[in-house]
Amino acid sequence: MKTVLFFLFFTLCLIKGHMSDAADVVTGGSVIIKCLYDPKKSQTRESAKSFCKVSGNECTTMTEVNNDLWIPEERFSMTENKSVGFISVLIRNLTVNDSGTYKCKGVQDVNLDVKQEPCCGSSEELTAYILTTAVIHCKYPEKYKDHPKLLFKVQNGSLEVIITVFGSSTTDGRFSLNVNEQEHFFTASITDVSRHDAGVYFCGIDHSNQIYTHLLTEIRLHVSEQTDASVPFDLYITIIIITACLILLLAVGLSLLLIKRRCKKTEGSVSADQRNTTDGDEVITSAYYEAIQDCAQDSIGLNTVYASAHLPTSPSDSDFYTLVEKPQNTES
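Worth saying up front: this structure is predicted, and the values here are computed from it rather than measured.

Draft legend 1. View of the side chain of T217. Residue placement: T217 occurs in strand 17 (residues 212–224). Residue classification places T217 among the buried positions, given a relative accessible area of 2%. Discounting residues that sit within four places of it in the chain, T217 has contacts with C119, S122, E124, Y201, F202 and C203.

Now the structure itself:
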C-alpha cells in the first residue's frame, strides 16, 4: 500500500512539476491526456470530471466523464478510474485549431501546441485473412526515437495496450513489435489472425512526462476468410492470372486455326474455278480448230517436204482453216 501511495505521489509531483507556461508539442494524430486527482477529496474529484478549453476568462467544457473513452462519433471523450483517482481524456484527429490551454478542472492545466507532420494523423484500412499474419506499419517523428512504442486496440469502450517495446523489438504471444530506428518506423505483427483480431488499432508513443500518450496512426483491421486457409492469398491471385493467360492463348490459337481453315477453303475454290476455266478454254479451242489429218505413213518419208498452206479465196462462215493439201511429189 505504501508503495502504491508513493508511486501516486511521485507521479503527481511529476505532473505538477510539468505544469508551466511551456506548451507540449503534439504532432497530429490523436492524444490521450492523463489527469490525477486525490480520490479522498470529494470536491476535487467532482470538479475533475469536466475537461474544458481556456479562452480568456472562460473555460468552455469540451467533454465530461463517460462510461467509455472510445465514442466513435465524438472527438473529445473522457473516462475515470475511480479506484486510483485517474482520469483519461481522448482528443481524436487533432488539428492546429486544437492548440491552446486545457483544464482538468481543479487538478491541472494542459498546454497543447499541435503541429502537423506527414507521418502522423492518418487513418488506414487493412485487410487480413484468417490464419495469416497481419502487419501494421507505424511511422513516427525522429524526436520520438528514444520513447516507448505501443500498440493500442479499442476494446470494451477503452483503449487497451496490446504490446509495448522499449528497445528495438519484443514479442508477446502472437503479437510482436520491431523498430527501425534508421527509417523511423516500427511494425506490429499479429500471427494466426482470427476474427477476434478485427477492430480499431492505434500506433502510440509514450511521452517521457507521463502526461501524454501520442496516438500516431489509426488502423481499422478487417478480417476475412479465404477458400483454403492453408493456401496464401497471393497464390490465389497467381493461379487466377495464369488461368486467364491460358484462356487467352487458347482463344488466340482457335482464332488462328479458323483463319487458316478459311484460307485453305478459299484457295480450293479458286483452284476449282481455274480448272473450270481451263476446261472451257479447251472446249473453245477445239471449236475453232479442226484436227489435221495424218498423212499416209507409207508415202511420207523422214525428209518429206510440206508445201505451204493456201488460204481459201472465199472462206465460209463456219470454217476458219482448210485442210493442208497432201503433197504430190514425195521425192527428196
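Draft legend 2. Broad picture of the state of the cysteines. According to the stated counting rule, one finds three disulfides in the structure shown. Here C52 engages in a disulfide with C59; their sulfurs sit 1.7 Å apart. Looking along the S-S bond of the C52-C59 disulfide, the torsion reads about 85°, which is the right-handed sense. Owing to a relative accessible area of 0%, C52 belongs among the buried residues under this scheme. The residue that forms a disulfide with C138 is C203, at a sulfur-sulfur distance of 1.7 Å. A torsion of -45° about the S-S bond marks the disulfide between C138 and C203 as left-handed. Of this pair, C138 sits in strand 10 (residues 134–139) while C203 sits in strand 16 (residues 199–206), and the two are 65 residues apart along the sequence. Its relative accessible area of 1% is what places C138 among the buried residues. On the basis of relative accessibility, which here comes to 0%, the residue C203 falls in the buried class.

Draft legend 3. View of the pairing of strand 15 (residues 185–190). Judged by how many residues are buried, strand 15 sits mostly within the fold: five of six residues are covered. As paired strands, strand 10 and strand 15 are joined by six bridges and run antiparallel to one another. From the neighbouring strand, A134 faces strand 15, where its bridge partner is I190. Examined bridge by bridge, strand 14 (residues 175–180) and strand 15 share six bridges and lie antiparallel to one another.

Draft legend 4. Looking closely at the confidence of the model for the protein. In this model, the protein carries a mean pLDDT of 76, and residues with pLDDT of at least 70 account for 67%. Across residues 1–21 the pLDDT falls below 50, and counting only partners more than four positions away or on other chains, this stretch makes 17 contacts in the model.

Draft legend 5. Expanded view of the sheet that holds strand 13 (residues 169–172). Sheet architecture is open: four strands sit in the order 10-15-14-13, paired in antiparallel fashion. The outermost strands of the open sheet, each flanked by one partner alone, are strand 10 and strand 13. Across the sheet, the mean angle from the axis of one strand to that of its neighbour is 15°, orientation sign disregarded.

Calculation rules
Residues numbered from 1 in each chain as written. Predicted model: local features only at pLDDT ≥ 70, side-chain atom pairs only at ≥ 80, totals over all residues. Heavy atoms only, no water. Helix = DSSP H or I, 4+ residues; strand = E, 2+ residues; numbered from the N terminus. Buried < 20%, exposed > 50% of the residue type's maximum accessible area, 1.4 Å probe, protein only. Contact = heavy atoms within 4.5 Å. Disulfide = S-S within 2.5 Å. Pairing = 2+ DSSP bridges. pLDDT = per-residue confidence, 0-100. Axes fitted to C-alpha atoms, helices over the stretch in contact; angles between N-to-C directions.

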